[in-house]
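What follows is each chain in one-letter form.
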Amino acid sequence: MIAGTGLGLALSALGLLTGATTASAATAKDGKWINPALGRFPAGGQYGAPRGGGAHAGQDVSNSTGTAVYAAAAGTVVRRSWGGGIAGRTGNALVVSHGNGQYTYYGHLSAYRVALNATVAAGQRIADMGATGNVTGPHLHFETHSGGIGVTVNPVTFMATRGVDLGGGWPRIDPGASGKTVVVIQYLMTQRGYSLVADGQYGSVSSAAVKQFQKAKGLVADGQVGPATWPHLVYTLRQGGSGSHVRALQNALNRRSAGLLVDGTFGAVTTSAVRTYQSLNRLVVDGEAGPVTWKALVG
């Protein structure tokens, strides 16, 4: 069992999350949040688990040292220090402010990739997973705070409400969403023959096209691009390919800090970017963008 950290107002704050997000659950799946790290949930690493007379304030995600850690949403780095300056936490840590009293905490890091006060985008690489502080193995200790630093809520529930499976599944994107994941959807839909403008706005035109696509595939035509729809939408891509689906892939890689030219050509540079992403996230490094790599990229 990983012994790492973080005593907080875990159990008492659970009700705050449940009550605050139920009504807005559908509209909160707006593409603004993303999975901060890939890995497994270790036994005893869940939110609320007993920790030295208190309760575990976050969710642990285990993987090897050096696994990439990404900003869960756009914001500003407000803490970059041992334990993030929060009582009961140990190890190198970052705290990112997302506005409106919402913060995310990333603990036990082996390396920082951003500076204090840096502005970060959702999906930007901000750190590397590690085993600094009070731990028995490398992992990310991930916390979500709502209402101020120190007011923790269940990260799994918090992220699920925003369309993100912290366990590493496909995301859920609702009509009304905006941003780079929507651009990915629009390029994939264009490759599927629906000719959408890749403007990053999941409005009525894109929603109608997705519903038509879902109906054609025998899926529930609700317009939500989720675990049932993504596998039908993505393509397995490799070097030599070209088209709007490659533009979708390049945009997805760029959201994870790849810095590619979006030209729709799967050449050597894009292959290198895919391999780098796979390596940083402990996936099979083959340079091929198949369902496993896609799910990790957009999740």
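Residues numbered from 1 in each chain as written. Predicted model: local features only at pLDDT ≥ 70, side-chain atom pairs only at ≥ 80, totals over all residues. Heavy atoms only, no water.

(A) Broad picture of the overall build of the protein. If you tally the helices and strands in the protein, you get eight helices and 11 strands. Its C-alpha atoms give the protein a radius of gyration of 19 Å, near enough to 19 Å, the size a compact globule of 299 residues would have. When its C-alpha atoms are laid out on the principal axes, the protein stretches across 55 × 45 × 35 Å. Burial statistics for the protein: of 299 residues in total, 55% are counted as buried. Roughly 11,500 Å² of accessible area belongs to the protein as shown, and the carbon and sulfur atoms make up 54% of that amount. Of the charged side chains in the protein, 23 are positive and 11 negative; the average position of the first set lies 2 Å away from that of the second. (Helix = DSSP H or I, 4+ residues; strand = E, 2+ residues; numbered from the N terminus. Rg over C-alpha atoms; globule rule 2.2 N^0.38 Å. Buried < 20%, exposed > 50% of the residue type's maximum accessible area, 1.4 Å probe, protein only. Areas by Shrake-Rupley, 256 points an atom, 1.4 Å probe, with all protein chains shown as cover. Lys, Arg positive; Asp, Glu negative; His and termini not counted. Charge placed at Lys NZ, Arg CZ, Asp CG, Glu CD.)

(B) Spotlight on helix α3 (residues 180–191). Between its terminal C-alpha atoms α3 stretches 17 Å, which fits the 16 Å expected from 12 residues at 1.5 Å a residue. Regarding α3, the residues found buried are Thr-181, Val-182, Val-183, Val-184, Ile-185, Gln-186, Tyr-187, Leu-188 and Met-189. On its buried face, α3 is in contact with α4 (204–216), α5 (230–233), α6 (244–255) and α8 (291–298). A positive phi of about 105 degrees marks Gly-193, the residue just after α3. (Expected span 1.5 Å × (residues − 1). Contact = heavy atoms within 4.5 Å.)

(C) Inspection of the pattern of salt bridges at higher detail. With the rule as written, the count across this model stands at six salt bridges. Here Asp-30 makes a salt bridge to Lys-32, at a shortest N to O gap of 3.8 Å. With a relative accessible area of 42%, Lys-32 lands in the partly exposed category. In this structure, the salt-bridge partner of Arg-125 is Asp-128, at a minimum N-O distance of 2.7 Å. Since its relative accessible area comes to 19%, Arg-125 is described here as buried. Since its relative accessible area comes to 6%, Asp-128 is described here as buried. Salt bridges linked by common partners bring Arg-113, Arg-125 and Asp-128 together as one network. (Salt bridge = Lys/Arg side-chain N within 4 Å of Asp/Glu carboxyl O.)

(D) Representation of the pairing of strand β7 (residues 102–112) within the structure. With respect to burial, β7 is a largely interior element, eight of its 11 residues being buried. The pairing of strand β6 (residues 92–99) with β7 spans seven bridges and is antiparallel. Paired with Leu-94 across the two strands is Tyr-106, which belongs to β7. Sheet topology places β7 next to strand β10 (residues 139–146); six bridges connect them, and they run antiparallel. The partner of Tyr-105 across the bridge, within β10, is Glu-143. In this sheet, strand β9 (residues 125–129) lies alongside β7 in antiparallel orientation, the contact comprising three bridges. Pairing of Tyr-112 across the sheet is with Ala-127, part of β9. (Pairing = 2+ DSSP bridges.)

(E) Representation of helix α7 (residues 268–280). Its 13 residues give α7 an end-to-end C-alpha distance of 18 Å, which sits within 8% of 18 Å, the value for a rise of 1.5 Å per residue. Just downstream of α7, Arg-282 is the residue with a positive phi angle, here 60 degrees.

(F) Fine view of the environment of Gly-137. The residue Gly-137 is located in the loop between β9 and β10 in this model. Gly-137 sits 124 residues away from Leu-261 along the chain, and the two C-alpha atoms are 38 Å apart.

(G) Spatial organisation of the packing of aromatic side chains. This structure, assessed with the given rule, holds five aromatic pairs. Ring plane angle 80 degrees and centroid distance 5.2 Å describe the contact between Trp-33 and Phe-158, whose orientation is recorded as edge-to-face. In this pair, Trp-33 is assigned in the loop between α1 (10–21) and β1 (50–51) and Phe-158 in helix α2 (residues 155–161), connecting sequence segments 125 residues apart. An angle of 35 degrees between the planes, with centres 6.5 Å apart, marks the rings of Tyr-70 and Tyr-277 as tilted. Pair noted here: Tyr-70 is in strand β4 (residues 68–70) and Tyr-277 is in helix α7, with a separation of 207 residues, a long-range link. Exposure remark for Tyr-277: the relative accessible area of 4% places this residue in the buried category. Between the NZ or CZ atom of Arg-162 and the centre of the ring of Trp-33, over which it lies, the distance is 5.7 Å. (Phe/Tyr/Trp six-rings, centres within 6.5 Å; stacked < 30°, edge-to-face > 60°. Lys NZ or Arg CZ within 6 Å of the ring centre and 35° of its normal.)

(H) Just the nonpolar core, in detail. Membership of the largest hydrophobic core comes to 39 residues, with the highest contact counts inside it found for Trp-230, Leu-249 and Trp-294. Elements represented by at least two residues in this core include exactly β4, α3, α4, α5, α6, α7 and α8. Top contributing element to this core by residue count: α3, with seven residues. Beyond its immediate sequence surroundings of up to four residues, Leu-249 is in contact with Leu-237, Phe-266, Thr-270, Val-274, Ala-289, Trp-294 and Leu-297. The next biggest cluster of nonpolar side chains, apart from the first, holds 24 residues, and it includes Ala-118, Leu-140, Phe-158 and Val-164. (Core = buried A, V, L, I, M, F, W, Y, C linked by side-chain atoms within 4.5 Å.)

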